[in-house]
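Here are the chains, one letter per residue:
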Amino acid sequence: MRMSDPRVLSIVLAGGEGKRLQPLTYDRAKPAVPFAGSYRLIDFVLSNLVNSGLREVVVLTQYKSHSLDRHISETWRFSSLLGNYIASVPAQQRVGKRWFQGSADAIFQSLNLIFDAKPDIVAVLGADHVYRMDFRQMIDAHLESGLPATVAGVRQPVALSKQFGVIETVEDDPSRISAFVEKPASTPGLPDSPGEFLASMGNYVFDAQALIDAVVSDSKDDSSSHDMGGDIIPSFVSRGEAGVYDFANNVIPGSGSKDHGYWRDVGTIDSFYDAHMDLIAPVPSFDLYNMRWPIYTRHTVLPPAKFVHDIDHQPGRAVDSIVSPGVVISGGYVEGSVISQGVTVDSLAAVSASVVMDNVRIGRGARVHRAILDKNSVVPPGETVGLFPEVDRRRGFTVTDSGLTVVAKNHTVNDDPFDDAPRLHP
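Throughout, a residue's number is its position along its own chain's written sequence, starting from 1. This being a predicted model, a pLDDT of at least 70 is required before a residue's local features are given, and a value of 80 or more before pairs of side-chain atoms are given or counted; all residues contribute to the totals for chains, interfaces and linings. Remark: hydrogens and water are excluded; side-chain values derive from all non-hydrogen atoms of the structure.

**Topic: the sheet that holds strand E28 (residues 398-399)**
Point 1. Paired strands, in this sense, are two strands between which DSSP finds at least two bridges. Secondary structure counts use DSSP, requiring at least four H or I residues in a row for a helix and at least two E residues in a row for a strand, with both numbered from the N terminus. A sheet is described by the order of its strands in space; here six strands give the open sequence E16-E19-E22-E25-E29-E28, paired in mixed fashion. Lying at the two open borders of the sheet, with one neighbouring strand each, are strand E16 (322-323) and E28.
Point 2. In terms of strand pairing, E16 meets strand E19 (residues 338-339) through two bridges, oriented parallel. Bridging across to E19, Val 323 finds its partner in Ile 339.

Next up, the structure:
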């Protein structure tokens, strides 16, 4: 086997609970959260793997994984002719009567997958970020470095250091990691860009045996939190055995100057919302329409979106928005929003600056502004969501500090007879 053509097993860590994304994660694992009208978050890492030519993939699941497992089984199917597969693997308690205690423990409990695949290289990847990345380029850099572990780093403003795991590099060798610090109050800037630092993307490449040895050793350490970023990577760093791959060097076919190097951690409601708003600009920060590196997902049998006049001859309209298949806008108005599959917006209703998920019903004259409506929710005629945050809080909706209102899955707005929200009567 040529050094340039190693056998690679990709392990996607998809067991995250996603507490900071509640209520969107009340009923589903974080990687299964719908995104951008037609996708789920896990589609981004799996699309990157497929486009990179890496097609031996296992997805480790744990928390409320039914919708995630179903999505993978219905969407991500390969012919077995060439040995390609994407397999969803739940926690199996192979080493004792316990669930995964952390991301490193998830790999330790799943070492049978590595032993069976016999890879030279193992890529360990997060399941819930929005980005495009050619992992082959990172693997090539890993092999060239000669180090047993490589961490992908993305450039972020130094003011955001307290939000990320921070990668600090050796002064005379910026390809080697000198320190891996979790959410420090401050950090030095990069030599070539003092206003930026390298944040960990949660993507790692290992020599297979080095990873096996690391997680086995970690499993015996009672003081460890058994986390890849918190324990495994620092152990490689302490021995001078960890390199960094700068995501800015990753070249994607068809990407433009604006979306080159785009990466979003959508771990909070506000960041999830902001990532959607990135999609709808005339020149978007992240371009879903780059078909030279497509983002794949499950295709459903739905008709095209439809815009019609209502009985009062009001036209259905949508501007600066994403509108998915199966949507019917009947005399309503949508602006600056992402409208998912099967949504209906009735006459005189208005939706602005919002994310509306599958099969939501927005009734006649209703108003939705700066809100996230989860699947199958209903906004009855004349109701409001997002216009009066204090009222939304009293209704029991999640309202972020920035004023975003989130309506949970399967919820009908104003099903409480004591609700005192203002009514609009068109």
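**Some points on the side chain of Thr 405**
Point 1. Inspection of the secondary structure assignment puts Thr 405 in strand E29 (residues 405-407).
Point 2. For Thr 405, a relative accessible area of 0% translates into the label buried.
Point 3. As used in this structure description, the phrase polar contact means that two N or O atoms lie within 3.5 Å; if the pair is within protein, one of them must be able to donate a hydrogen and the other to accept it, and residues adjacent in sequence are counted only when both atoms belong to side chains. A polar atom in the side chain of Thr 405 sits 2.8 Å from the side chain of Asp 392. Each residue is placed in one exposure class: buried if its accessible area under a 1.4 Å probe, protein chains only, is under 20% of its type's maximum, exposed if it is over 50%, and partly exposed if it falls in between.

**Quick notes on the pairing of strand E9 (residues 165-170)**
Point 1. With six bridges connecting them, E9 and strand E10 (residues 173-182) associate as antiparallel partners. Across the sheet, Thr 169 pairs through a bridge with Ile 177, a residue of E10.
Point 2. Hairpin remark: E9 followed by E10, antiparallel, with two residues in the connecting loop.
Point 3. Two elements, E9 and strand E11 (residues 196-207), share two bridges in a ladder whose sense is antiparallel. Bridge pairing in E11 places Val 166 opposite Ala 199.

**Re the nonpolar core**
Nonpolar side chains tend toward joint burial in soluble globular proteins.
Point 1. What is meant by a nonpolar core is a set of buried Ala, Val, Leu, Ile, Met, Phe, Trp, Tyr and Cys residues, joined one to another through side-chain atoms within 4.5 Å. One finds Ile 107, Ile 114, Val 124, Phe 206, Leu 211 and Met 228 to be the most contacted residues of the largest nonpolar core, which totals 40 residues.
Point 2. Looking at which element gives the most residues to this core, the answer is helix H6 (residues 208-219), with six residues.
Point 3. Here, residues are in contact when the closest pair of their heavy atoms is within 4.5 Å. Each residue touching Ile 107, except ones within four places of it in the same chain, is listed here: Leu 13, Leu 60, Ile 114, Val 124, Leu 211, Val 215 and Met 228.
Point 4. Membership of the second largest hydrophobic core comes to 38 residues, among which are Val 59, Tyr 63, Tyr 131 and Phe 135.

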